[in-house]
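# Reading the structure
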Amino acid sequence: MLKILLLIGVVVGVYFLFFKKKNLKPPSSDNSQEEAMIPCAKCSTYVSAKESLMRDGKYYCCHECLEA
Ligand SMILES: [Zn+2]
């Protein structure tokens, strides 16, 4: 019984150590770049840089605005 508890303790300890490391990994600069909001050149709707569509140096919120 004691062995099982010890094993669970080790597994939980390793899990938390790994989880903590994972959380610290992504650099904050990358996150802020992805979440930057850009206004659509056609309808001025703000979209995240990640979801925006770019053509001729202008950002668009969707294909409808991009084609218009
Ligand atoms: Zn738009």
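Data block above holds the structure.
Residues numbered from 1 in each chain as written. Predicted model: local features only at pLDDT ≥ 70, side-chain atom pairs only at ≥ 80, totals over all residues. Heavy atoms only, no water.

## Notes on the overall build of the protein chain
Of the regular secondary structure elements, the protein chain holds three helices and four strands. Of the regular secondary structure in the protein chain, the N- to C-terminal order runs α-α-β-β-β-β-α. The buried share of the protein chain, taken over its 68 residues, is 13%. Sequence-distant contacts, at least 24 apart, represent 4% of the contacts inside the protein chain between residues at least 6 apart. (Helix = DSSP H or I, 4+ residues; strand = E, 2+ residues; numbered from the N terminus. Buried < 20%, exposed > 50% of the residue type's maximum accessible area, 1.4 Å probe, protein only. Contact = heavy atoms within 4.5 Å.)

## Topic: the packing of aromatic side chains
The relation between two aromatic rings is expressed through the spacing of the ring centres and the mutual angle of the planes. In total, this model carries two aromatic pairs according to the counting rule given. Judged by centre distance (5.9 Å) and plane angle (85 degrees), the rings of Tyr15 and Phe16 are edge-to-face. Relative to Phe19, the ring of Tyr15 has its centre 6.1 Å away and its plane inclined at 15 degrees; by these criteria the two rings are stacked. Of the two residues, Tyr15 and Phe19 are both situated in helix α1 (residues 2-24); the distance of four residues between them amounts to about one turn of the helix. The class for Tyr15 is exposed, based on a relative accessible area of 51%. Put simply, the rings of Tyr15, Phe16 and Phe19 pair up and form one aromatic cluster. (Phe/Tyr/Trp six-rings, centres within 6.5 Å; stacked < 30°, edge-to-face > 60°.)

## Quick notes on the environment of Ala49
With respect to the secondary-structure elements, Ala49 resides in the loop between β2 (46-48) and β3 (53-55). Here the alpha-carbon distance between Ala49 and Ala36, two residues 13 residues apart in the chain, equals 5.6 Å.

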